[in-house]
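# Structural characterization, general
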Amino acid sequence: MNILITGNISSLALKFASEAGENSKVIIASGKLPKRRLGVNVHTYAASPRDKLFGRVIESNSFDAMVYFLARGEETDVSGGEVSVIGTSIEFAAALEHCRVRNIPRIVLVSSGEVYSGRPNEAALESAAPIPGGVGGCLIKTAEDMCKYYQIAILRSITVVHLPYVYFREPNDFDESKDSLITNIIYDAVSKKSVTLPGYPFTKCDFLSADDAAKLILLTADKRAFSDDVEVVNAGTGSPITFENLERMIKTDYPDVSVNYSNDDTDVPVPMPSESAKTEYDWTALERIDDDFPDMSFYYFKAPHNKGIIAAVKALRSRRTFFAVEFATATVLMQAVVMQFGTSMVSGLIDFRLLYIVILSTLHGIAAGIVSALLAIVSLMFSSLRGDWRTILYNPENWMPFAIYLIVGTVLGYTADKKRDDLANANEQLQI
């Protein structure tokens, strides 16, 4: 499937591009493009729908669907598809016109539950007419009304996906931009020690993970059976919370953070039941903010100034050079400790060579376990047996430490590798 992505290229759009690009060809065309590479199947062009280059991109490719991302109220970085009169009336209209001319059969508009903010005490059903309560919701509704016109005028299948607040579970998904409420809460708590929530303590809200949101958008873009009317898909977790619940999550990890309220919830996306998502697309939100928030607070609250260092160390750990340096350092340290305590009582109580094997085999697997065992054997030969190979060869009693070292390194290394494989397989099954 070939997908065109345009509009507000925020972290959610990049998450969707990565999700869709695994099995599809994805082209991102927008006035603002990401700095990082998204994969071999994702191509980028710096062109908004009103640019001539945008038209040439569509002419030279065959697309099965266009996904347009409107900027939602929680996003502070809205360049390239902002929720404004220009963003809704001109940019989106230009994109729809390209779809009409080039006969793109499928259009998905990623919108927000803000359009229901005028009916906070009523169920935001997909059959209910949107009633926005604030300026942001009104501007988003303008784009959705345009979908209705083009649905009739160009006879295209258009799906509007309403999202609640979206949060990102991994630091890399932030893409160096503050484009979600949770992201801003974390940064404000770290830098200002003060957080302002956009509503009242009793205001109900819902938080959907970017992983779940991207999967739903991909399903709507890939759906084969289309209805004649504008199809509306509301995304919700089924477990909404209040801002008071969110305050307790923040206070649990950092009680010294001051939490305030704006006392204005006119643009807060209301919780929505996901009827069509479940019945038409067999989609259910799997992640929950109350489960994920402690992990996110660990990454961004605990060490916000060390994120670059931690990321660099993690990247370095994947390189063979760092592994060799780490292995050599551990070997030298082991030999130094053995030489230091070789004649003391500590040496009789603790086998430092065996401890060295246990640590390296557990951390790096069976290959490291075998190599560390061989190095420990060499160390033992030249330390205790003074390198006399005849003493080792003709006295079977001296073989026992060598056998133990090899067995421990092999067993622990194999166990560590197996656990990693099992975990990887479990993660793959959860993502299916």
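Criteria and thresholds
Residues numbered from 1 in each chain as written. Predicted model: local features only at pLDDT ≥ 70, side-chain atom pairs only at ≥ 80, totals over all residues. Heavy atoms only, no water. Helix = DSSP H or I, 4+ residues; strand = E, 2+ residues; numbered from the N terminus. Buried < 20%, exposed > 50% of the residue type's maximum accessible area, 1.4 Å probe, protein only. Polar contact = N/O pair within 3.5 Å; in protein donor to acceptor, adjacent residues only side chain to side chain. Contact = heavy atoms within 4.5 Å. Axes fitted to C-alpha atoms, helices over the stretch in contact; angles between N-to-C directions. Parallel < 35°, antiparallel > 145°, perpendicular 65-115°, else oblique. Left-handed = near helix turned anticlockwise from the far one by under 90°. Nonpolar A, V, L, I, M, F, W, Y, C, P; charged D, E, K, R; others polar. Salt bridge = Lys/Arg side-chain N within 4 Å of Asp/Glu carboxyl O. Core = buried A, V, L, I, M, F, W, Y, C linked by side-chain atoms within 4.5 Å. Patch = residues over 30% accessible without salt bridge, like charges linked within 9 Å, V, L, I, M, F, W, Y side chains within 5 Å. Areas by Shrake-Rupley, 256 points an atom, 1.4 Å probe, with all protein chains shown as cover. Lys, Arg positive; Asp, Glu negative; His and termini not counted. Charge placed at Lys NZ, Arg CZ, Asp CG, Glu CD. Expected span 1.5 Å × (residues − 1).

Moving on, we get to the side chain of threonine 203. As for its placement among the helices and strands, threonine 203 is situated in the loop between β8 (194-197) and β9 (204-205). Residue class for threonine 203 comes out buried when judged on its relative accessible area of 6%. Here aspartate 265 takes part through its side chain, which lies 3.1 Å from a polar atom of the side chain of threonine 203. Here threonine 203 is in contact with Ile241, Thr242, Phe243, Asp265 and Val268, once residues within four sequence places are set aside.

With that settled, consider the packing of helix α13 (residues 352-364) against helix α14 (residues 366-383). Axis separation between α13 and α14 bottoms out at 7 Å; the angle between their running directions is 165°. Relative to α14, α13 is oriented roughly antiparallel. In this structure, the crossing between α13 and α14 has a hand that is right-handed. In this structure, α13 contributes Arg353, Tyr356, Ile357, Leu360, Ser361 and His364 to the contact, and α14 contributes Ile366, Ala368, Gly369, Ser372, Ala373, Leu375, Ala376, Ser379, Leu380 and Ser383. Looking at side-chain class alone, the contact of α13 with α14 contains nine nonpolar, six polar and one charged residues.

Evaluation of the coordinates by the stated rule reveals nine salt bridges. Of the charged contacts, one joins arginine 72 and glutamate 74 as a salt bridge, the two residues approaching to 3.2 Å between their closest N and O atoms. Each member of the pair, arginine 72 together with glutamate 74, is buried. Here aspartate 188 makes a salt bridge to lysine 192, at a shortest N to O gap of 3.8 Å. You can call aspartate 188 partly exposed: its relative accessible area is 21%. With relative accessibility at 59%, the residue lysine 192 sits in the exposed group.

So, about the nonpolar core. Counting residues in each nonpolar core, the largest one holds 36 residues, and the members touching the most others are Ile5, Leu12, Phe16, Ile28, Val67, Phe69 and Leu163. Of all the elements in the fold, those that place two or more residues in this core are β1 (2-7), α1 (11-20), β2 (25-30), β4 (65-69), β5 (106-112), β6 (157-163) and α6 (210-222). The element contributing the most residues to this core is α6, with seven residues. Contacts of phenylalanine 16, omitting those with residues within four sequence positions, involve Ile3, Ile5, Val67, Phe69, Ala214, Ile217 and Leu218. By size, the runner-up hydrophobic cluster in this structure holds 31 residues, among which are Leu4, Ile27, Phe63 and Leu70.

The interhelical angle for the contact between α1 and α6, taken along N-to-C directions, is 60°, at an axis separation of 9 Å. The orientation of α1 with respect to α6, classified from their angle, is oblique. In the crossing of α1 with α6, the sense of the turn from one axis to the other is right-handed. Across the interface between the two elements, Leu12, Lys15, Phe16, Glu19 and Ala20 of α1 pack against Ala210, Asp211, Ala213, Ala214, Lys215, Ile217 and Leu218 of α6. Residues of the contact of α1 with α6, tallied by class, amount to eight nonpolar, no polar and four charged.

On to unusual backbone geometry. Of note, the phi angle at asparagine 103 is positive, near 60°, even though the residue is not glycine. Locating asparagine 103 in the fold gives a position in the loop between α3 (85-102) and β5. A relative accessible area of 53% places asparagine 103 in the exposed class. Phi angles above zero are rare outside glycine, and aspartate 282 is one such case at about 55°. Here aspartate 282 lies in the loop between α8 (275-279) and α9 (289-302). Owing to a relative accessible area of 70%, aspartate 282 belongs among the exposed residues under this scheme.

Next up on the list: the environment of proline 105. Tracing the backbone shows proline 105 in the loop between α3 and β5. Given a relative accessible area of 38%, proline 105 falls into the partly exposed group. When the C-alpha positions of proline 105 and phenylalanine 63 are compared, they lie 8.1 Å apart, and in sequence the two are 42 residues distant.

With that settled, the discussion passes to a negative patch on the surface. Taken together, the side chains of Glu170, Asp290, Asp291 and Asp295 make up a negatively charged region of the molecular surface. By the secondary structure assignment, aspartate 291 is in helix α9. Residue classification places aspartate 291 among the exposed positions, given a relative accessible area of 54%.

With 19 residues, helix α4 (residues 135-153) should reach 27 Å at 1.5 Å per residue; the first-to-last C-alpha distance of 27 Å fits that figure. Those residues of α4 that sit buried are Gly136, Gly137, Leu139, Ile140, Ala143, Glu144, Met146, Cys147, Tyr150 and Gln151.

Here the focus is the environment of lysine 251. Relative to the helices and strands, lysine 251 is located in helix α7 (residues 243-253). If sequence neighbours within four positions are ignored, lysine 251 has contacts with Val257, Ser258 and Val259. Among the polar contacts made by the side chain of lysine 251, one reaches the main-chain carbonyl oxygen of valine 257 at a distance of 2.7 Å.

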